[in-house]
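Observations on chain architecture
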Amino acid sequence: MSTTEKLIHEVEARGEGAFVESFDPQEGRMVINMGPVHPSTHGVLRLLLELDGEIVNECLPVIGYLHTGMEKECEDNNWRGAVTIVTRMDYLAPLFNEQAYSMAVEQLLGIEVPPRALYIRTLLAEMNRLSSHLVWWGTQGLDMGAMSAMFYGFRERELILDFYEMVTGLRMNHGYIIPGGVWEDLPPGWERAVRNITDQMPRRIKDYEALLTENPIFLERTKGIGVITREEARALGATGPIARAVGIDWDLRRDMPYEAYDDVSFDVPIATEGDVYARYRVRVAEMRESVKIIEQLMDKMPSGDFKNMDPKLTHPPRAEMAHSMEAVIHHFKLSTQGYQVPAGEAYVAVESPRGELGAYIVSDGGTSPYRCHVRDPSFVNLQSLSHMVRGGLLADLVASIASTDPIMGGVDR
Amino acid sequence: MTTTHSPGEWLDRARALHAEGWQLMDLAGLDRLRLAPADPRFVVVVQLINHELKQRQTIHIRAEGDPSSVPSISEVWPTANFMEREAYDLLGINFEGHPNLTRILMPDQWEGHPLRKDYGVGKVPVEFIPQPLLQIDAPGQSPNADGAATHLDHLGQVVIEGDAP
């Protein structure tokens, strides 16, 4: 164990109780509570802070305020229905939850997914990365006092949400990616909607950079703030932009490709400073790469089925039910009971906007998941927040929270 | 690749894996009550990744004893801290040597572990403070006009004397 890891272990060992006991009015130390209702905590994140004047000595996340037992709920749904539960976990990146879950179920089923479905999924996932990063960009700016960033970020996000609505029927919690493919084919005119986004985004990202990247106030608030070292990030299991901002050159899309990522070329942005600004640069660069990936996927979009057409797994086309008794039987079985998945377990991870999002699925051979555990990157990354803010100013804590980009729906599940 | 370990050998194995460059990605508890074989009842499932080899592996650790226990690996991989707390909270698996094994998602005073298969879903009593529906303790406050004697039955309902049940 390295000295950093030892230090981390010692701090963790002090625990919540030890933290509150260290309150000492004589030495001017103060314990305060930030959240769970606070505009800069991105949801219901509660932080216990030990302050020495304005210096943060210690910061402990207290979570669970949004816990609704989603993993337990999955066990009461059939395999298709659980998609609608997992999509509600990380609500800014719902398609990644569906993707990881569906890939895990497909692995247990041992079925093929048609290439068009893989491309649609990858396209929507990259769209989702854009929309999620746009919210992060807006809130990061807002937390640093740049109110207009929020407006710009949400303006472009609206374009993407309109595209979701056109494709899936909903703006969030889509339930669109299902085991075996996607629920519906892309609607007519989707190319124009995608082209509209990919044409605008590079210009918009340029605007964002003009607003924040070179902004002296923003630089002042983010450079050298919330630093985490490479060893700390590795020990604390940080993934995604947090890890890539300390020089851990790892991206599941490139290093362990899944779905259609093998067929597209893109760069993985890396920074080494490990501060808020490095994470900012990594995420903005990732947005550019996402646009590149979307353009390639659109040009290469194959034709064919959009889901596995095995009648035991997927609902029959509406027209077929008018003249085929078998189709009616399949429809009835799928709607009332669902399909069975062979007994076994699978762990599949995808690269979500926040890092590795994994789904661990166990089946007992029945029609509903026996266990459905989701490894949410926000939950794991939150542990590194304490290490970012220790010794910094209270005002800088807000910058660090925004750059960790925690989604409490994913943290608490 | 999946391997199974007993709790006794797990900590040494974890240190060796850590030295080989394996990183902890996920740790989840599993209640095997309705799976075959159902013994041991609880299993801790660990997902590891190795960036150099670009490989993953899954490790099952059998939880033994009462309460079902496995050694904590949060000193080997500090990231296990939250994950072990989650497994303890939702499944009641005891992690020996964990620095701060407390509930993380459920309220601190919660009884039971919700992800266990024998946890009664829908059988949780609703939290409320029982109160009688009507307070009649002073004479003259009787709700019936002719002043017949009343009392509250065991459900807190007003019963007028003389009424046939």
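Preceding this section is the structure that the text describes.
The notes below deal with the structure included here. Bear in mind the structure is a predicted one, so any value in this text is a computation, not a measurement.

Reading guide: rules and limits
- Residues numbered from 1 in each chain as written.
- Chains lettered and ligands numbered in written order.
- Predicted model: local features only at pLDDT ≥ 70, side-chain atom pairs only at ≥ 80, totals over all residues.
- Pairing = 2+ DSSP bridges.
- Helix = DSSP H or I, 4+ residues; strand = E, 2+ residues; numbered from the N terminus.
- Axes fitted to C-alpha atoms, helices over the stretch in contact; angles between N-to-C directions.
- Contact = placed C-beta atoms within 7 Å.
- Buried ≥ 20, exposed ≤ 12 C-beta atoms within 10 Å, placed from the backbone.
- Parallel < 35°, antiparallel > 145°, perpendicular 65-115°, else oblique.
- Left-handed = near helix turned anticlockwise from the far one by under 90°.
- Nonpolar A, V, L, I, M, F, W, Y, C, P; charged D, E, K, R; others polar.
- Expected span 1.5 Å × (residues − 1).

Residues and elements named next belong to chain B. Strands sit in the order β1-β4-β3-β2 across an open sheet of four strands; the sheet is mixed. Unpaired on one side and paired on the other, β1 (2-5) and β2 (23-31) mark the two borders of the sheet. Across the sheet, the mean angle separating the axes of adjacent strands is 20° when strand polarity is ignored. With four bridges connecting them, β1 and strand β4 (residues 55-62) associate as parallel partners. Along β4, the bridge assignment pairs T2 with T58. Packing against the sheet, helix α2 (residues 80-91) makes contact with β2 and β3 (42-50), and its axis sits at approximately 5° to β2.

Glancing now at the environment of E220 of chain A. All names here are of chain A. In this structure, E220 sits in helix α8 (residues 216-222). Residue E220 is classed as exposed on the basis of its 11 C-beta neighbours within 10 Å. E220 sits 81 residues away from M301 along the chain, and the two C-alpha atoms are 44 Å apart.

All names here are of chain A. Between helix α12 (residues 276-300) and helix α15 (residues 394-404), the least distance of the axes is 10 Å, while the angle of their chain directions is 30°. One way to sum up the angle between α12 and α15 is to call them roughly parallel. Pair α12 / α15 crosses with left-handed handedness. Listed contacts from α15 to V276, R279 and Y280 of α12 are A399, S400 and S403. Partitioned by chemical class, the residues of the contact of α12 with α15 number three nonpolar, two polar and one charged.

Turning next to the sheet that holds strand β3 (residues 55-62) of chain A. Residue and element names in this part refer to chain A. Spatially, the three strands line up as an open sheet ordered β1-β2-β3, and their pairing is antiparallel. Looking along the sheet, the strands with just one partner apiece sit at the ends: β1 (29-34) and β3. For this sheet, the mean inter-axis angle between neighbouring strands, taken without regard to orientation, is 20°. Looking at chain direction, strand β2 (residues 46-52) and β3 are connected through seven bridges and run antiparallel. Directly across from E50, in β3, lies its bridge partner E58.

This brings us to the environment of N173 of chain A. Within the secondary structure, N173 of chain A is located in the loop between α6 (147-168) and β4 (177-178). The contact partners of N173 of chain A, leaving out residues within four places of it in the chain, are T87, R88, Y91 and P94 of chain A.

Between chain B and chain A, the contact holds 28 residues from the first and 35 residues from the second. For the side of chain B that touches chain A, the elements supplying multiple residues, two or more each, are β2, β3 and α2 of chain B. Counting residues per element, the side of chain B that touches chain A draws most heavily on β2 of chain B, at six residues. Partitioned by chemical class, the residues of the side of chain B that touches chain A number 15 nonpolar, nine polar and four charged.

When the terminal C-alpha atoms of helix α4 (residues 94-109) of chain A are compared, their 23 Å separation across 16 residues agrees well with the 22 Å that a helix rising 1.5 Å per residue should span. Burial analysis of α4 of chain A places 15 of its 16 residues in the buried class, which makes it a mostly covered element.

Residues and elements named next belong to chain A. At a closest axis distance of 9 Å, the pairing of helix α5 (residues 115-143) and α12 adopts a crossing angle of 155°. By the angle between their directions, the pair α5 and α12 is classed as roughly antiparallel. For the pair α5 and α12, the crossing hand works out as left-handed. On α12, the residues that touch Y119, T122, L123, E126, M127, R129, L130, H133, W136 and Q140 of α5 are Y280, R283, E286, M287, S290, I293, I294, L297 and M298. The residue inventory of the contact of α5 with α12, partitioned by class, reads 11 nonpolar, four polar and four charged.

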